[in-house]
Structures are given as C-alpha cells and as structure tokens.
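Structural description and commentary
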Amino acid sequence: EDADKLQAFQARIDAEERIEPNDWMPEAYRKTLVRQISQHAHSEIIGMQPEGNWITRAPSLRRKAALLAKVQDECGHGLYLYAAAETLGVAREEMVDQLLAGKAKYSSIFNYPTLTWADIGAIGWLVDGAAIMNQIPLCRCSYGPYARAMIRVCKEESFHQRQGYEIMLTLCRGSAAQKEMAQDALNRWWWPCLMMFGPPDSASQHTDASTKWKIKRFTNDELRQKFIDATVPQAHFLGLTVPDPELRYDEASGHWHHGAIDWDEFKQVIAGNGPCNAQRMERRRQTEEDGAWVREAARAFAEKEKSRHRA
Ligand code: FAQ
C-alpha cells in the first residue's frame with residue numbers, strides 16, 4: 001500500500017503539483033523539509049546579529065533607517081519560515097531548542113565578523129545576492145507553504161541587495177580610503193559567500209533526494225556558478241578586484257572560471273569553529289533567556305482568558 005502511495009506522491013511531484021500540509025507525504029520528504037526550512041529560519045534569526053552590530057554606528061540617519069528596516073525584515077523572514085515548518089507538525093519550541101543545543105545548523109556565512117561599515121554594503125550586495133540566487137528557485141519548491149513564503153521573502157531580499165550595492169557604489173565613488181574599505185570588505189566576504197551554496201555536488205548528501213522531490217531545482221555548484229557569473233561584472237562596475245587570481249572568463253562556456261574553494265574552512269565553520277560561532281550562539285542563548293518572561297506572561301494571560309471564558 002505504501003508503495004502505491006509513494007508512486008502516487010511522486011507522480012504528483014512530477015506533474016508539478018503542490019504538496020500541501022494535510023496531503024500524504026513520505027516521512028523522508030517531511031524530514032528533509034523540516035531540516036531545510038528550520039535551518040533557513042535559524043539563519044535569518046542569527047543573521048540579524050552581524051548587521052545589527054552596525055545599527056548604532058550607521059553613518060547617517062537615512063542609512064540607519066534602511067539598516068534597521070532590513071534587520072527587521074530578516075526577523076520577519078525567520079518567523080515566517082518557522083510558521084512554514086510548523087505546518088509539517090514540528091513545534092517552534094522544538095526547533096529553537098535544537099538550535100540552542102547546537103543540533104541544528106544555520107548558514108556558515110553568519111559566523112564572520114562585520115569589521116567596518118563597508119561590510120554592511122558587502123553583506124547586502126553579496127550575502128543577500130547569494131540568498132536570492134538560492135531562493136528564487138525555491139519559489140517553485142514542491143511544498144506549498146515554503147514556496148509561497150519564498151515569494152515574499154525574495155521581494156524583500158531584492159531590496160536588501162540593492163541597498164547593499166548602493167552602499168558599495170557610494171564608497172567606491174568616495175575617497176581613496178573609502179574605496180579601500182570597500183575592497184577590503186569584498187576580499188573578506190567573497191569566499192565565504194561562495195560557501196553559502198553548500199558543499200560541492202560530489203559531496204552534497206541531500207541533493208539527489210531533494211532534486212527528485214523538486215525541493216531543489218538546481219545543484220549547489222550550478223547556483224554557485226550562476227552567482228559568480230552575475231556578481232563578477234557588478235564588482236568590475238564598482239572598480240573592485242575579485243580576490244581570486246584564477247578568475248577568468250571562459251568564452252567557450254560563457255562562464256567565469258574560479259579558483260579552488262577552501263572546503264576545510266567551510267567544514268571548520270559548520271563544525272562550530274568559525275571566527276564568530278561561539279559569540280553568535282552565546283548572544284542567541286542570552287536573548288532567549290532575556291525573553292523568557294515575555295513568553296511566560298503571554299502563556300499566563302492566555303490561560304487566564306481561557307478560564308474566564310469557561311466561567
Ligand atoms: N552553512 O547535502 P547538502 C539568509 C549543510 S540566506 C551551513 O548540500 P542541502 C538571508 C547542510 O545543511 C542563508 N550548513 O544540503 C539573509 C547539510 O547538513 P545537515 C540561509 C550548510 O540542504 C541574508 C550538509 O551541509 N539560506 O539567511 C551550508 O541539500 C542577510 C550537506 O549539504 C538557506 O538556508 C552552509 N552554507 O543544501 C539573512 C536556503 N551548506 O542538514 C540575514 C535554504 C550546506 O545534513 C542577512 N537551504 N550545509 O546537517 C538550502 O537551499 C539548502 O539547505 C542548502 C544546502 C543549499 C543550503
């Protein structure tokens with residue numbers, strides 16, 4: 001019977017039908033979605049920290065307002081994604097517990113420090129740029145709630161990408177010191193951004209299943225290449241140098257050929273040993289503790305309301 005159900009499920013996927021929360025689905029499909037969506041949500045929430053670090057130091061009121069709005073957007077994306085994961089039968093508290101216990105991952109990119117104002121430009125341009133490249137295909141993911149969440153998220157990310165690029169453009173048209181600051185930020189963020197797309201296809205354990213289920217529409221290496229092809233001309237327009245001596249345009253394939261990625265660094269960062277892992281987790285745990293009284297008060301209030309209605 002299960003074999004029949006499985007076959008019918010795959011037929012729906014192949015026909016590009018959307019799977020909705022109450023539909024039958026294989027346990028492995030549910031598990032992979034909970035894993036990916038919850039890690040995506042955690043990334044948005046932890047991802048508030050590197051940029052949040054600069055809200056009080058933004059160089060003008062206009063920059064401060066835009067940055068504040070961007071960081072709030074990331075929080076909204078996180079909450080939206082937790083809600084999408086909850087439709088798969090997992091409680092938000094459980095997902096947060098997994099993050100705090102170090103059992104659930106979040107994107108490697110948020111374990112790097114934001115040292116100068118140019119880093120805020122580089123994050124918008126490159127990190128949000130990479131996020132969009134990865135998330136546009138997720139708008140066509142087979143799981144309805146995740147796909148729909150991505151449509152709105154992508155619209156906001158595209159605004160974030162532009163505000164980041166505009167910060168870079170301003171710096172690059174400014175003084176020599178400002179341009180140097182922009183170059184330094186690109187030097188530090190370029191390689192970690194390429195790692196955002198995940199391990200090379202040869203080492204990606206989930207790609208095959210996720211492709212069959214149409215959760216993934218492109219492999220990690222395909223999206224990484226698309227990102228490089230889109231971003232290198234943007235760096236050149238800024239007058240900046242991409243920190244890859246092997247980078248060259250390949251006429252035959254129409255792609256930018258890139259040098260080797262340091263996968264040992266990637267492994268270290270996802271194992272918890274990146275430059276800011278400990279700091280990010282410590283901050284997240286502290287915030288959870290600081291907010292405990294709010295959740296308790298909300299629960300007590302809900303209980304009181306319930307008993308009042310019963311009486
Ligand atoms: N960092 O077999 P695969 C944002 C893990 S954007 C950490 O290839 P899969 C917006 C992977 O989970 C960032 N871990 O896995 C923003 C798996 O481990 P597991 C978030 C990584 O799932 C901007 C293992 O390696 N975006 O937040 C990373 O098929 C600015 C094997 O990998 C998303 O999460 C990594 N970079 O492909 C916010 C997008 N890469 O779970 C604030 C949705 C891989 O078995 C400011 N996710 N791993 O323990 C995806 O598209 C996929 O999950 C991939 C990985 C492509 C990330």
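Along each chain, numbering runs from 1 in the same order as the chain's sequence is written. The model is predicted, so local features are restricted to residues of pLDDT at least 70 and side-chain atom pairs to those at 80 or more, both for listing and for counting; the totals for chains, interfaces and linings are taken over all residues. Water and hydrogen atoms play no part in the side-chain values, which are based on all heavy atoms of the structure.

As annotated in an unreviewed UniProt entry, the protein chain is 1,2-phenylacetyl-CoA epoxidase subunit A from Rhodoplanes elegans.

1. Considerations on the overall build of the protein chain
Along the protein chain, the regular secondary structure elements total 13 helices and 2 strands. The quantity called the radius of gyration is restricted to C-alpha atoms. Its globule counterpart is 2.2 Å times the number of residues to the power 0.38. On C-alpha atoms alone, the protein chain measures out to a radius of gyration of 21 Å, which is about the 19 Å that the 2.2 N^0.38 rule sets for 311 residues. The classification of residues rests on relative accessible area computed with a 1.4 Å probe and restricted to protein chains. Under 20% of the type maximum is buried, over 50% is exposed, and intermediate values are partly exposed. Looking at the protein chain as a whole, 48% of its 311 residues are labelled buried. Pairs at least 24 residues apart make up 78% of the contacts formed inside the protein chain by residues separated by at least 6 positions. To be clear on the numbers: accessible area is Shrake-Rupley with a 1.4 Å probe, and residue cover counts the displayed protein chains and nothing else. When the accessible surface of the protein chain is split by element, carbon and sulfur atoms take 55% of a total near 15,900 Å². Treating the 40 positive side-chain charges of the protein chain as one cloud and the 43 negative ones as another, the clouds have centres 5 Å apart. Helix and strand definitions here come from DSSP, where helices need a minimum of 4 consecutive H or I residues and strands a minimum of 2 consecutive E residues; each element is numbered from the N-terminal end. Any two residues whose heavy atoms approach within 4.5 Å are treated as being in contact. Neither His nor the chain ends is counted toward charge; the positive residues are Lys and Arg and the negative residues Asp and Glu. Throughout, a charge is located at the NZ atom of Lys, the CZ atom of Arg, the CG atom of Asp or the CD atom of Glu.

2. Notes on the packing of helix H7 (residues 144–172) against helix H10 (residues 220–238)
Packing of H7 against H10 brings their axes to within 9 Å, and their N-to-C directions diverge by 30 degrees. Judged by the angle between their axes, H7 and H10 are roughly parallel. Between H7 and H10, the contacting residues are Gln161, Tyr165, Met168, Leu169 and Cys172 on the first element and Gln234, Phe237 and Leu238 on the second. Polarity classes work like this: nonpolar for Ala, Val, Leu, Ile, Met, Phe, Trp, Tyr, Cys and Pro, charged for Asp, Glu, Lys and Arg, and polar for all others, with Gly in that last group. By residue class, the composition of the contact of H7 with H10 is 6 nonpolar, 2 polar and no charged. Between N-to-C directions, angles span 0 to 180 degrees; the directions come from axes that are lines fitted to C-alpha atoms, helices contributing only their stretch in contact. In these notes the angle categories are as follows: under 35 degrees is roughly parallel, over 145 is roughly antiparallel, 65 to 115 is roughly perpendicular, and the rest is oblique.

3. Thoughts on the confidence of the model for the protein chain
On average, residues of the protein chain score 97 in pLDDT, and 100% of them are at 70 or above. For this predicted complex, the interface confidence score (ipTM) comes to 0.97, while the overall pTM stands at 0.96. The predictor rates its confidence in each residue with pLDDT, a number between 0 and 100.

4. Side note on the nonpolar core
Here, nonpolar core refers to any group of buried Ala, Val, Leu, Ile, Met, Phe, Trp, Tyr and Cys residues whose side-chain atoms link them within 4.5 Å. Within the largest apolar cluster, 51 residues are counted, with the highest numbers of intra-cluster contacts made by Trp125, Leu126, Trp189, Trp190, Phe227 and Leu238. Of all elements in the fold, only helix H4 (61–86), helix H6 (118–135), H7, helix H8 (176–195), H10 and helix H11 (263–273) reach the threshold of two or more residues within this core. Per element, the largest residue contribution to this core is 9 residues, and it comes from H8. For Trp125, the residues in contact, after removing those within four places along its chain, are Gln161, Gly164, Tyr165, Met168, Leu186, Thr231, Gln234, Ala235 and Leu238. Ile37, Ile45, Met95 and Val96 belong to the second largest nonpolar core, which has 30 residues in total.

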